[in-house]
Each structure stands twice: as structure tokens, then as C-alpha cells.
Amino acid sequence: MNVQLVLPGSLADLAGGVRELDVEPAGATVAGLLDALAARHPVLERRIRDEAGALRRFVNVYVDGEDVRWQGGPATPLRDGAVVQVLPSVAGG
């Protein structure tokens, strides 16, 4: 299984400047994808998940355009060829 991970510029620096990564998940879920990401880019993965493995509060993850918080969180299943986007929330006023 292969999944495309799309990152914004603010996180791409933590992946060697690459905004799109092809990742083979350790399992067929978002958690499996993030486990595989941790092996390649541990600092990037720590910006997405906390020490307990939960998605950080101000990081949004989408699988094929659907917010995983409404789909099952880290247990959200992935299909071969899925596109996963990671978008940190932006605050301002």
C-alpha cells in the first residue's frame, strides 16, 4: 500500500523541504501512516502527534478531503493511493 502525504510549507522543512511524500504505512490506518513517518522524519511526526500518539489539538489531518476527527481519528482506515493532508491551524486576529 502506498499513500501520498501532503504537507504545508511550514512543515515541509521538517521533511527535507519536500511538500509531498510517498509513504508506505506500517498499517492501513492514519496511525500506521504516522508510525511509518516517525521512522523517516521523527521531528515532523512529533509536530503532528503528541507523546501519547494522539493528534495534536491544533493539527488537522484529512484523508481524501475528509477530516479524520469525524472519521475515527488515528484509527481512520486508508486505502491504497489515498491522499493525506496535514494542516496546522492558524490563529490570528
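The rules behind each value
Residues numbered from 1 in each chain as written. Predicted model: local features only at pLDDT ≥ 70, side-chain atom pairs only at ≥ 80, totals over all residues. Heavy atoms only, no water. Helix = DSSP H or I, 4+ residues; strand = E, 2+ residues; numbered from the N terminus. Buried < 20%, exposed > 50% of the residue type's maximum accessible area, 1.4 Å probe, protein only. Contact = heavy atoms within 4.5 Å.

Draft legend 1. Broad picture of the environment of Val3. Here Val3 lies in strand E1 (residues 3-6). Overall, Val3 belongs to the buried group, its relative accessible area being 1%. Through-space distance from the C-alpha of Val3 to that of Pro25 is 7.2 Å; in sequence the pair is 22 residues apart. Apart from residues no more than four positions distant in its own chain, Val3 is found in contact with Leu21, Asp22, Val23, Pro25, Leu33, Leu78, Arg79, Ala82 and Val84.

Draft legend 2. Summary view of the side chain of Glu45. Along the chain, Glu45 falls in helix H3 (residues 42-48). A residue is classified by how much of its surface remains accessible, and Glu45, at 4% relative accessible area, is buried. Residues contacting Glu45, with those up to four places away along its chain left out, are Leu34, Leu37 and Ala38.

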